[in-house]
Amino acid sequence: MTKIASTLKTGQPSDTPDTANEGLEPEFKPLSAEQAQAWRQHNPQASPWRVLFLQVGVGALMALLTGLFTGEWNLAMSSAWGSVAVVIPAVVFVRALSRQMRRTQPGSALMGLMVWELVKIVLTVALLLVAPKVISELSWLALVAGFVVTMKVYWLAMALGWMQRKSKPTLF
């Protein structure tokens, strides 16, 4: 990094150290091939599939518990459909992004990310709109509860350290 001399109000250049740049590395040093390989082994890529499997498990558990505690299986089905409305679009999104990561042009990869996010949103809305046709005695409250609980699994995955590259999972 090149240091630019600052001037005081008197017009004289100042040689005092800049406190904003203290602690910064002086230069960027590229890694050798061996260092890059060692870094990749030490920092494995986080897998979104683990989060999806956790979402499926939490959604199934919520639907099962809803059915067991209430005795009304239409509530369990509504809760399960709320989970399905989260998981199916997320599976499509993750699958598409895993193919997008192979692209070399960053602009193309970014555009693909935006397109697949739009597909995910449209698919989620479509699944929510067809819910009354699929489940005869739909409970919107149970559907929304299943939807929200399944969406909040991302927070659980972060708490378990599944979304951080350096940490090891505490379950499985």
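Model, not experiment: these values are computed from the prediction.

Student: Could you give me a rundown of the overall build of the chain, with the residues and numbers involved?
Tutor: The secondary structure content of the chain amounts to seven helices and two strands. When the elements of the chain are put in sequence order from the N terminus, they spell out β-β-α-α-α-α-α-α-α. Evaluated residue by residue, the chain yields a buried proportion of 27% over its 172 residues. Considering only intrachain contacts with a sequence separation of at least 6, the fraction spanning at least 24 residues in the chain is 65%. Only carbon and sulfur atoms are counted for the fraction: they give 68% of the accessible area of the chain, which is about 12,600 Å².

Student: Could you give me a rundown of the side chain of S78, with the residues and numbers involved?
Tutor: Here S78 lies in helix α3 (residues 73–100). Overall, S78 belongs to the buried group, its relative accessible area being 0%. Engagement of the side chain of S78 in a polar contact is seen with the backbone oxygen of N74, the distance being 2.9 Å. Residues within four places of S78 in sequence aside, it is in contact with I135, E137, L138, S139, A142 and L143.

Student: Mind laying out the confidence of the model for the chain, listing which residues take part and the relevant values?
Tutor: Averaged over all residues, the pLDDT of the chain equals 81, while 77% of them reach at least 70. Averaged pLDDT values over the elements of the chain bottom out at 48 in strand β1 (residues 6–7) and peak at 95 in helix α6 (residues 140–151).

Student: Could you give an account of the nonpolar core, with specific residues and numbers?
Tutor: Within the largest apolar cluster, seven residues are counted, these being W81, A85, L127, A131, I135, L138 and L143. The contacts of L138, once residues within four sequence positions are left out, are S78, A131, P132 and L143. Among the nonpolar cores identified, the runner-up in size contains five residues, and V51, L54, A157 and L160 belong to it.

Student: Requested: an account of the packing of α3 against helix α4 (residues 106–129), with residues and values cited.
Tutor: Two elements in contact, α3 and α4, have axes separated by 9 Å at closest approach and are oriented at 160°. By the angle between their directions, the pair α3 and α4 is classed as roughly antiparallel. In this structure, α3 crosses over α4, and the sense of that crossing is right-handed. On α4, the residues touching W81, V84, A85, I88, P89, V92, F93, A96, L97, R99 and Q100 of α3 are S108, A109, G112, L113, W116, E117, V119, K120, L123, T124, L127 and L128.

Student: Please give an account of the packing of aromatic side chains that cites residues and values.
Tutor: What characterises a pair of aromatic rings is the spacing of the ring centres plus the angle enclosed by the ring planes. Under the counting rule described, the total for this entry stands at zero aromatic pairs. Positioned above the aromatic ring of F93 is the side chain of K120, whose terminal nitrogen or guanidinium carbon lies 5.0 Å from the ring centre.

Analysis parameters
Residues numbered from 1 in each chain as written. Predicted model: local features only at pLDDT ≥ 70, side-chain atom pairs only at ≥ 80, totals over all residues. Heavy atoms only, no water. Helix = DSSP H or I, 4+ residues; strand = E, 2+ residues; numbered from the N terminus. Buried < 20%, exposed > 50% of the residue type's maximum accessible area, 1.4 Å probe, protein only. Contact = heavy atoms within 4.5 Å. Areas by Shrake-Rupley, 256 points an atom, 1.4 Å probe, with all protein chains shown as cover. Polar contact = N/O pair within 3.5 Å; in protein donor to acceptor, adjacent residues only side chain to side chain. pLDDT = per-residue confidence, 0-100. Core = buried A, V, L, I, M, F, W, Y, C linked by side-chain atoms within 4.5 Å. Axes fitted to C-alpha atoms, helices over the stretch in contact; angles between N-to-C directions. Parallel < 35°, antiparallel > 145°, perpendicular 65-115°, else oblique. Left-handed = near helix turned anticlockwise from the far one by under 90°. Phe/Tyr/Trp six-rings, centres within 6.5 Å; stacked < 30°, edge-to-face > 60°. Lys NZ or Arg CZ within 6 Å of the ring centre and 35° of its normal.

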